[in-house]
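If you want the building blocks of each chain, they are given just below.
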Amino acid sequence: MTQQTIAEKILSRAARKRVRAGEIAIVHVDGAMATDATAPLAIQAFHEMGGRRVWDARRVAFVLDHAAPAPNERIANLHAMMRQFARDQGCHFYDVGEGICHQLMVERGHVRPGDLFLGADSHTPTCGALNAFGAGVGSTDLAGILLTGKTWLRVPHSIRIELVGAWPLGVTAKDLALFLVGRVGLEGAHYHCVEFTGEAIEPLRLSQRMTLANMTSEMGAKAGIVAPAGLRLPYDFAPVNADPGAAYARALRFDVSRLTPHVALPHSPDNVVPIARAKGVKINAGFIGSCTNARLDDLQQAAAVLRGRKLAPGVRLLIAPASRAVFNAALRDGTIAALSEAGATFIGAGCGPCVGTHEGVPGNGEVVISSTNRNFQGRMGNPRAQIYLASPAVVAASVLAGEICEPADVVPDASNSLPRMSETPAAPAPTDAIPTL
Amino acid sequence: MNVILGLAHVYDVNDVDTDRIIPGKYTKTLDVRELARHVLEDLDPTFAGRVRPGDVLVFGNNFGCGSSREQAPAAIKAAGVACVVARSFARIFYRNAINIGLPLIELAEAHDIANGHTVRVELQRGEVINCATGRVFRAAPMPAVMVDILRAGGLVNYLKQHGDYVIREI
Ligand code: SF4
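Criteria and cut-off values
Residues numbered from 1 in each chain as written. Chains lettered and ligands numbered in written order. Predicted model: local features only at pLDDT ≥ 70, side-chain atom pairs only at ≥ 80, totals over all residues. Heavy atoms only, no water. Near = heavy atom within 4 Å. Nonpolar A, V, L, I, M, F, W, Y, C, P; charged D, E, K, R; others polar. Domains from an automatic or database assignment. Pairing = 2+ DSSP bridges. Helix = DSSP H or I, 4+ residues; strand = E, 2+ residues; numbered from the N terminus. UniProt positions renumbered as here; feature names shortened; annotations may be inferred. Axes fitted to C-alpha atoms, helices over the stretch in contact; angles between N-to-C directions.

What follows is about the site of the ligand. All names here are of chain A. Looking at the ligand, the residues that line it are H66, H102, D121, H123, S290, C291, C351, C354, V355, N373 and R379. Split by residue class, the shell around the ligand holds four nonpolar, five polar and two charged. Per-domain counts for the shell around the ligand show at least three residues from each of domain 1 (27-153) and domain 3 (262-417).

As structure tokens, then:
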């Protein structure tokens, strides 16, 4: 028997038979999700298929996050239609302000290690942080899953990215994700599953693993899975590792100890440079949000830079927490107060300005530094704006200075404000919900 | 539908994106005949006028990259194309094509197929024969369930008929 990659193992279980990369298989789905951007069409197709009941309501979740609260009547009615469908079917439903779909799927335990999870959104690989196989599908696909709990898919070949070395102070998983997208390119992992392994993933907390898995979408990957080493969860799970000698389409190895903060320049997430080459660019606004970087540790990193200080005159900072739970935790520990006192504006948990369909659209010629994952032209709603991508710590330092810079450039006691990747994660909590994400 | 016999239109071009398959400005319509009139317009303005029902398209790598719009395979299907052969397909395009009922086959080597050759495609066996030269090319066989989805005209109809994926042995 040949050795298997993580993707082959998870999909073999889902297919109820041993499958190999390149094969097309019918797979059983462990969970499925759709948002206000994709669920309405999926619900329509579900009805066209003659669907009455979803296959297993407990495994289906709908999230209002992309345009929530509704910016207009049309979207308000789509939201109402989703609410109704979820109520009729008894599915999980996350209303306005609960958070971003990918965050909620991990935080609320919809995905577990070894699962096959499919979502009608392109950043569904985010849940690969949990050692699961998450992939994005279209609305028609999702309708078929709602009806049958199954879908067909091609088992992807995997690319192994081995990460070694110790994390330098001030460098985060976002810097690594940007660096890797720059190296691999927007199509570099096309059709593939990216599997992260190596000693440097061990100290990463779940939040940072999510950042890493999230941006495999920007490499064109079908899924991104982080190996289970160092993953701590409040419940027991069976880790899925690749067999030694499993066949990979490509194997890359990076030493994180030499990494510096990185920035993606307009207008592509793979247009990545070390921060030294972006410093000094004047900015009008910062945004901390999205499924990539709006979790508690991201907000804490920003607060460490901004506490007791004020945004540069004429610069604004918008923050959309990844979920209500993140917002509440940040309220309790004083993070929100520090950020708000520094001049940050909070908007409800959700996608916020990331997708550019409502709040927070930049003006013509304005420059934004953002903790999100995509900076394609027009992404935040205005094709005449310039969007730079960076870690939350770099966004915070930049809004303080009014130009792109890193924390060490603006904060005298920098070593206390710099993000640390190598903290030991908190001890497991007694419940199944995942704490402090 | 299991056996497709058609005239080849060959474009040895890589990375044909969904914008070149059907420009974004035409995708607002729900009328597939309108889509068919503009299919591949930016790549070859004469194609929509020349294509005949049952013809086969042959492309290079990464066909259908770009946006996830379902109108791209829908436009090709509406133009009467019976099958798309390419060295590789963009992932979302591939899924969308099967789900809307456009047959396609991934073939790493099909270099001797030229414009006007008659090709015979047998999806389930993963076989493409260039009838003009007699050469036989092998691809991965298409699983029965996908052939059935294509035969039904797409996923919506397939699930409407069967209510579930039906695994049948070949
Ligand atoms: S936060 Fe941005 S990238 Fe993430 S799901 Fe929402 S719109 Fe997409």
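Attention now goes to the pairing of strand 5 (residues 118-122) of chain B. On any regular strand, side chains alternate: one points to one face of the sheet, the next to the other face. All names here are of chain B. As paired strands, strand 1 (residues 3-10) and strand 5 are joined by five bridges and run antiparallel to one another. Pairing of V3 across the sheet is with E122, part of strand 5. Sheet topology note: the strand 5/strand 6 (residues 127-130) ladder contains four bridges and is antiparallel. Bridging across to strand 6, R120 finds its partner in I129. Where strand 5 folds back on strand 6, the antiparallel hairpin that results is connected by four residues, among which G126 adopts a positive phi of roughly 65°.

According to UniProt, the positions carrying the feature "domain: Aconitase A/isopropylmalate dehydratase small subunit swivel" (unreviewed entry) are residues 53-107 of chain B. Within the segment residues 53-107 of chain B, helix and strand shares are 33% and 20% respectively, and the terminal C-alpha atoms sit 22 Å apart.

All names here are of chain A. A sheet is described by the order of its strands in space; here four strands give the open sequence 10-9-8-11, paired in parallel fashion. Each having just a single partner strand, strand 10 (223-226) and strand 11 (250-255) make up the two edges of the open sheet. Neighbouring strand axes in the sheet, compared pairwise and without regard to direction, differ in orientation by 20° on average. Bridge analysis of strand 9 (residues 193-197) against strand 10 gives four bridges, and the strand direction is parallel. Each residue of the ladder has a partner; that of E195, found in strand 10, is I225.

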